[in-house]
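# Structural description and commentary
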Amino acid sequence: TDDEYRALAAVQKQFNEKFPLVPMAGMGMVQRARLIDQPDLLEQLRTSLGDARYAEWQLAGDRPYQQLANHGPAIGVSREAARELANLINEAPAASMKIAENPALTREQKHAAILALGADIRAKVGAQVGADNVNRVVDGSMSFRQIESGSAVRVTPRGISVIPFGPVAPRPAAPPAPPRP
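Here is what the cut-offs are and how they apply
- Residues numbered from 1 in each chain as written.
- Predicted model: local features only at pLDDT ≥ 70, side-chain atom pairs only at ≥ 80, totals over all residues.
- Heavy atoms only, no water.
- Axes fitted to C-alpha atoms, helices over the stretch in contact; angles between N-to-C directions.
- Helix = DSSP H or I, 4+ residues; strand = E, 2+ residues; numbered from the N terminus.
- Parallel < 35°, antiparallel > 145°, perpendicular 65-115°, else oblique.
- Left-handed = near helix turned anticlockwise from the far one by under 90°.
- Contact = heavy atoms within 4.5 Å.
- Nonpolar A, V, L, I, M, F, W, Y, C, P; charged D, E, K, R; others polar.
- Core = buried A, V, L, I, M, F, W, Y, C linked by side-chain atoms within 4.5 Å.
- Buried < 20%, exposed > 50% of the residue type's maximum accessible area, 1.4 Å probe, protein only.
- Expected span 1.5 Å × (residues − 1).
- Bend = angle between axes of the 7 residues up to and from the residue.
- Lys, Arg positive; Asp, Glu negative; His and termini not counted.
- Salt bridge = Lys/Arg side-chain N within 4 Å of Asp/Glu carboxyl O.
- Polar contact = N/O pair within 3.5 Å; in protein donor to acceptor, adjacent residues only side chain to side chain.

Glancing now at the packing of helix α5 (residues 79-90) against helix α7 (residues 107-129). To characterise two packed helices, one gives the angle between the axes of the helices and the distance between these axes. Two elements in contact, α5 and α7, have axes separated by 10 Å at closest approach and are oriented at 165 degrees. Looking at the two axes, α5 sits roughly antiparallel to α7. As for how α5 packs across α7, the hand of that crossing is left-handed. Of the residues in α7, those touching α5 at A81, L85, L88 and I89 are I121, K124, V125, Q128 and V129. By residue class, the composition of the contact of α5 with α7 is 7 nonpolar, 1 polar and 1 charged.

Here we come to the nonpolar core. Core analysis: the largest hydrophobic core is formed by 27 residues, its most contacted members being L68, I89, I121, V125, V129, V137 and V138. Put simply, the parts of the chain that give this core at least two residues each are α4 (63-75), α5, α6 (92-100), α7, α8 (134-138), α9 (142-148) and β1 (152-156). Excluding its chain neighbours within four sequence positions, the residues that come into contact with I89 are P64, I121, V125, V137, V138, S141 and F144.

Here α4 spans 17 Å end to end across 13 residues, near enough to the 18 Å set by a 1.5 Å rise per residue. Maximum bend of α4: about 35 degrees, positioned at A69, with proline P73 one to four residues after it. Residues of α4 that are buried include every one of P64, Y65, Q67, L68, A69 and G72, and no others. Considering only its buried residues, α4 is in contact with α3 (51-60), α5, α7 and α8. G76 lies just past α4 and shows a positive phi near 80 degrees.

Our focus in this paragraph is the side chain of K110. Along the polypeptide, K110 turns up in helix α7. Although buried, K110 forms no salt bridge, and the nearest oppositely charged side chain, E101, lies 9.1 Å from it. Here the side chain of K110 touches A100 through a polar contact of 2.8 Å, landing on its backbone oxygen. The residues contacting K110, other than those within four sequence positions of it, are I99, A100, N102, L105 and F165.

This paragraph deals with the packing of α4 against α5. Running from amino to carboxyl end, α4 crosses α5 at an angle of 155 degrees, the nearest separation of the two axes being 9 Å. Overall, the two elements α4 and α5 adopt an arrangement that is roughly antiparallel. As α4 runs across α5, the sense of the crossing is right-handed. Contacts between α4 and α5 involve P64, Y65, L68 and A69 on the former and, on the latter, R79, A82, R83, L85, A86, I89 and N90.

The values reported here are purely geometric and, on their own, carry no functional implication.
Structure, rendered in structure tokens:
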């Protein structure tokens, strides 16, 4: 709505005035401060819009949802189904972290469980959109691709971090010591 747009613009303007974008190579102090305070900006947006509209606003910028919403009608996926499938993909990082943080699992079990999580989500999405369209939907999510490789993914307002659980290559043996004279 117009009121929501004005509220978003006011919050963004206030943030931009506090942390102007400064064109420079690398990340200067201003850009770092911008990233550090971004969660505050997002919380202000949530407060301005309310939880339900904030969730819709976030989803509108979500790549898997955009893919589903744009191509959904042509492949028989409703907007509600697109929302549910995008949420399924977007909840995968939290599910991968639950696996990663389970102290009862070995590294190999965590890897296998995260791979199974990725395969299960891919199968669920594929059942809705068809095998020909599943890649178009899930490949837009960098965090989901990491999960499919067996890595856990932590998502924060400051970005994502990947925790690999794949097989660890053995260290090469040290060369033999030269003979002593």
